[in-house]
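The chain contents come next:
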Amino acid sequence: MNTHHCKAKVALIILIFSLSISPVSAQDTSTQKFILLISTFLVFAISISVLIVAKLTKDIVEQFQKSKQQNFERDYDKYFKNLNSDQIEIFLKNKELGRKTETVERTLAIAGLCFILSTTISFGQQPVISEGSLLSQTGIIITIVLISIPVVCGIFLLMFKIMKALRAFRNTQTLSEAEYLTAYLKSLENESLEVSLKIRKQQLDYQLSNNELMGANPASDEKGLIGNIHDASLPFVARKKNALVRPKIDADLTRLVLWYVRCATFWLVFGTSVGEFVGIKFVAPDIDHVSWLSFGRLRPVHTNAVFWGWASLAMLGLGHYVVPRVSNTKLFSINLGWYSLILINTAVFAGTICLMAGINNGGGEYREYIWPVMLLFGVGLALTLINFLKTLARRTTKEIYISNWYIISAIIFAIVISIVAYVPIWQNGLGETIVQGYYMHQGVGMWFMLFTLGIVYYFLPQQLNKPIYSYSLGILAFWTQILFYTLIGTHHFVFSSIPWWLQTIAIVGSVGMVIPVIAGTTNFTMTFRGSWYKIPDSYTLPFFLTGIVFYFTGSLQGTAEAFRTTNLLWHFTDFTVAHSHITMYGIICFLVWAGIYAVVPRLTGIEPPQVTVGAHFWLALIGLMFYTIPLMYGSTLRGLMWMEGKPFIDSVVFMAPFWLWRAIGGSLMWLSHLFFAYNFYKMLVGSGIVDVREAAFAKLARENTLN
Amino acid sequence: MEFFDSHTKLFSAAFLLFLVLTLFVAIMPAINNDRNNAALPGEEMLSEEAVKGKALFIANGCVACHTQQVRNVEMDKMWGKRPSLAADYASNRRIDLWRNTATLMGTERTGPDLTTVGSRQPSKEWNLVHLFNPRIVVKESIMPAYPWLFEFKNEAANEDIVVSIPEKYSAGQGVLVAKREALQLVAYLQSLKQTDVPQGQAIAFLYKKQQNITDESVTVSSVADGDALYATHCQACHQANGEGLKGAFPALKGRPIVADDNPELMLNIIMNGYDARPEFGVMPAVGKNSDLKPEEVAAIMNHERGSWGNNARKVTPEEVQKLLDRIKNLPNQ
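Named according to an unreviewed UniProt entry, chain B is Cytochrome c oxidase cbb3-type subunit 2 originating from Dyadobacter koreensis.

Per an unreviewed UniProt entry, chain A goes by Cytochrome c oxidase cbb3-type subunit 1 and derives from Dyadobacter koreensis.

**Q** Explanation requested: a nonpolar patch on the surface in the structure shown.
**A** Residues and elements named next belong to chain A. Together, V283, W618, I622, F626, L660, W661 and I664 make up a nonpolar patch on the protein surface, roughly 630 Å² of accessible area in all. Listed by contribution, the elements that provide at least two residues to the nonpolar patch are helix 19 (610-643) and helix 20 (648-685). Of note, W618 is situated in helix 19.

**Q** When you look at the packing of helix 16 (residues 541-562) of chain A against helix 18 (residues 575-604) of chain A in this model, what are you seeing that I'm missing?
**A** Each packed pair of helices is defined by two parameters, the angle between the axes and the distance between the axes. All names here are of chain A. In the contact formed by helix 16 and helix 18, the axes pass within 8 Å of each other and the chain directions differ by 155°. In terms of axis orientation, helix 16 runs roughly antiparallel to helix 18. For the crossing formed where helix 16 meets helix 18, the hand is left-handed. When its residues are assigned to classes, the contact of helix 16 with helix 18 shows 13 nonpolar, 11 polar and one charged.

**Q** Sorry, what's going on with the packing of aromatic side chains here?
**A** Remark: the centre distance and the inter-plane angle together describe each pair of aromatic rings, the angle taken between the planes. Residue and element names in this part refer to chain A. One pass over the structure, following the stated rule, counts 57 aromatic pairs over all chains. Ring centres 6.4 Å apart and planes at 75° place the aromatic pair W405 and W479 in the edge-to-face group. You can see W405 sitting in helix 11 (residues 402-422) and its partner W479 sitting in helix 13 (residues 471-485), a full 74 residues away along the chain. Owing to a relative accessible area of 1%, W405 belongs among the buried residues under this scheme. Ring centres of Y585 and F590 lie 6.0 Å apart, and the angle between their planes is 80°; on these two criteria the pair is classed as edge-to-face. Ring-pair connections join several aromatic residues into one group, and the members of that group are W310, Y539, F543, F550, Y585, F590, W593, Y597, F617, W618 and F676. Residue placement shows R662 over the ring face of F282; its charged tip is 4.2 Å from the ring centre.

**Q** Explain the side chain of B:Q239 here, please?
**A** Tracing the backbone through its elements, the reader meets B:Q239 in the loop between helix 11 (235-238) and helix 12 (256-259). The class of B:Q239 is buried, set by a relative accessible area of 12%.

**Q** Looking at this structure, I do not really get the confidence of the model for chain B. What am I missing?
**A** Caution applies to low-pLDDT parts of the model: their predicted coordinates are not meant to be read in detail. Residue and element names in this part refer to chain B. On average, residues of chain B score 86 in pLDDT, and 93% of them reach the 70 mark or higher. Between the elements of chain B, mean pLDDT differs from a low of 43, seen in helix 9 (residues 216-222), to a high of 96, seen in helix 8 (residues 180-191). Overall, residues 212-222 carries pLDDT values under 50, and its contacts beyond four positions in sequence, including any with other chains, amount to five contacts.

**Q** Please clarify how the environment of A:R662 should be interpreted in this entry.
**A** Residue and element names in this part refer to chain A. If you trace the backbone, R662 turns up in helix 20. Taking C-alpha positions, R662 is 9.6 Å from V283, a pair spaced 379 residues apart along the chain. When neighbours within four sequence positions are excluded, R662 is seen to be in contact with F282, D574, V577, F626, Y627 and L631.

**Q** Quick question: what am I supposed to make of the interface of chain B and chain A here?
**A** Reports often express the size of an interface as the amount of accessible area lost when the parts come together. Taken together, the contacts link 82 residues of chain B with 89 residues of chain A. There are two salt bridges connecting chain B and chain A. A salt bridge links A:D286 to B:R135; the nearest nitrogen and oxygen atoms lie 2.7 Å apart. Those elements that provide at least two residues to the side of chain B that touches chain A are helix 1 (7-36), helix 2 (48-59), helix 3 (86-89) and helix 10 (226-233) of chain B. Considering every element that reaches the side of chain B that touches chain A, the biggest residue donor is helix 1 of chain B, with 20 residues.

**Q** What is the right way to read the side chain of A:H491 from this model?
**A** Residues and elements named next belong to chain A. Take H491: it is sitting in the loop between helix 13 and helix 14 (500-512). Here H441 takes part through its side chain, which lies 3.3 Å from a polar atom of the side chain of H491. In terms of polar contacts, H491 uses its side chain to reach the side chain of S510, at 2.8 Å. Filtering out sequence-adjacent residues up to four positions away, H491 remains in contact with H441, A506, S510, A562 and N567.

Definitions and cut-offs
Residues numbered from 1 in each chain as written. Chains lettered and ligands numbered in written order. Predicted model: local features only at pLDDT ≥ 70, side-chain atom pairs only at ≥ 80, totals over all residues. Heavy atoms only, no water. Patch = residues over 30% accessible without salt bridge, like charges linked within 9 Å, V, L, I, M, F, W, Y side chains within 5 Å. Areas by Shrake-Rupley, 256 points an atom, 1.4 Å probe, with all protein chains shown as cover. Salt bridge = Lys/Arg side-chain N within 4 Å of Asp/Glu carboxyl O. Helix = DSSP H or I, 4+ residues; strand = E, 2+ residues; numbered from the N terminus. Axes fitted to C-alpha atoms, helices over the stretch in contact; angles between N-to-C directions. Parallel < 35°, antiparallel > 145°, perpendicular 65-115°, else oblique. Left-handed = near helix turned anticlockwise from the far one by under 90°. Nonpolar A, V, L, I, M, F, W, Y, C, P; charged D, E, K, R; others polar. Phe/Tyr/Trp six-rings, centres within 6.5 Å; stacked < 30°, edge-to-face > 60°. Buried < 20%, exposed > 50% of the residue type's maximum accessible area, 1.4 Å probe, protein only. Lys NZ or Arg CZ within 6 Å of the ring centre and 35° of its normal. pLDDT = per-residue confidence, 0-100. Contact = heavy atoms within 4.5 Å. Polar contact = N/O pair within 3.5 Å; in protein donor to acceptor, adjacent residues only side chain to side chain.

Written out as structure tokens, the structure is:
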């Protein structure tokens, strides 16, 4: 297989599976098709032009024949239909003037066809295409394309000139018709017509007085419906709606939720700083030579910190708000929430130190924390589960809202997964690998995804101020997610020595995932239906929308990656890394941010600065694109190099620019997290500057009470 | 529905469904696997040093970039003679009280697969230099350096293993000596080999490249590419410029053995390795280990004989085949 062939193939694959669109350069075997395609396009374009020219010519000929008719035979009635007010006025005025003067002047300009004739007619010939192998040569194809470009441009130019000339000629004909009409109008003597035209003009000139509905009273807003009144000056960024007034939330719960988010934000900044550093090491491997900071040790520090520190704590924090709210009751125990927070933070902190010191569990991804560390995390989850279940048990609603299905199940499953992953009985030999595939993918799908979906099922309808589109779709997605997702773990080990049937089940399960993903996406987008206009007014909805789009694309990309053929190409490459960022970042992070921006202003009563929320959103989104698209493209080509048996080191050299792009995208993402941390800080403490109005009114209130 | 309005019923149902599926796709297959697989009879146990080396391999997270699995697809053939089998991993047990089993299969090949690195790159000297800083021997490498496995000494003691590195990297700090950990890690890497399956090759690779004879481009590429083969098998030591590394790996540029009109000795060294000169590292039996075909060996030889100013006559695959038959009957050098 030569490189051109590869490129065509790669471009096709990228076209289908990634978010980018690459031009397809057809070569070799597809040469004939390519030529055919171009020729068809040209023939099509030219015939359209010819048709237009023919139509213009036909009009001219008709007009010409008509102009031969005698004046009295002409039918001017059509010009009297739908006259507008101005025209009537001109006509009537003319009649008045006409009675005074009787001068008729006629001028008629005739333009010749010579213009067209003078135009150089030089039909370019289509390059004659000879048969045979010559056409399959790149040089020939390039030459043909290069030659056809000016030729085709010439043809189009010519067509435009012809059309222009024809149109000009047509206009001169029309002008002569207009002259006749003018003369006719002048000669017309009809009193009754003038009267009826006068009446018609009055009718046309009628206008509303613009106060039919309000009458003459001054405007007032007695119900206080109008808000958001600001300076008349032009805003630097679009104004977004403020969060609604804070509902009555227990101050203790507020404190707990905010501390969860505070810790999560710390782990986000820490974890992604490490990730950023690790990404830079691909470009500059000798940046440091400290054992605690070496690539192999820091990589799991990054992944585990953002998994268990950032995403998990942020989700749990939001969960502590959502679960009691949709159960319409108070949280069972604030203390349990604090214990859980402390345990999980301790686990991530201890785990980070252990990994950097070189103490890990044996190399399974996301399972790098040794069991005493992960046990702390597990106990934290168990306490949360008890807390949530007891809260749910004393709910004042009859039914269990779908959010609680997802959130509480996610915690149950996460505990099961951790137990399966850490109990040593079934971990001998390949057992470890089978469990690893199960564990790492269930961690993603049954913990992060399920929990986040629960959050979305609460916050999305709340932010759109309308119910979720379909409760049933949510339930369908819930059960099918459990059924299919549980099966797909081993698709990370396709072609390895784990049982073939298990690999096949994983692939089938991956295809089955289409059902919950489409059900979920449909449900969310249909909830958006009719409310799309709310997106520009809101600083949370763009995060939701992005998360939902990535939920669809990222998840289906996972399905595409699971097939045996795509495994040949993409397995072991950085494509997987790009995919995991599209999902864990594009879905989970964006949705969790949406939830945080939705809930924190309600808890603290302070809005984040809109400029920096925008900066957070766009840097994160653009950074993610810069990170993933080059990485997917480069990895695809790297996979092809491996399939061709190229020397391994060549594929390392080849990846260098794509790793650089990854570092650039990663830097933007990292920067966006600093903005997020700043926004969160602002939502906690406000601007810190005394508000003159607030202070003045507070003083007034004090004086009122004193008096 | 009544059923879904009871939290005990709802979550018990979800839990049970998940548990049953878990049993079916994770726990049962894992237990079954342990019950039905055992190590191959010829498998060598890791030496004590290698076990410690494996612990270092784990501690430093090498698995993040290096897989240890030859998949049963044609493209993985470059990493092993046969696809990996469940039996290859069967002897892996829990490391200790704190740490889980480490099959170290890996999911990411940022660096090469290591299943057979013990036979592909057995040279201790190369491995030590490479660990100290990979860019000394492979300048395009992005692998981390592991200088904390080594120390600089003013004077090496008798039992010390001295690692010779270019001046640029030692920068007058003295002699570089491998610490015990470096030797353990190398011992582990050297132990990574594929055990022969009893009764010969039984497992086939899937997705073989289709040979289309009518297509000209394929027939052209089926002629072995000396450049690429040299990069894969020789370049790590002898370098792309053929100059080797002083004090570690000999130059091929202008070397009489390479330029010799009679290619027999050169062929023998490529096939069976070489350890006659104490000042250089041991050359592994590259040809045998990688199971190179006569046309591939001829391509490598022609690349070496015709590059960097070398100008020896070309050898043909037929000539190599003839010589190979003769070498087979000779004792190893």
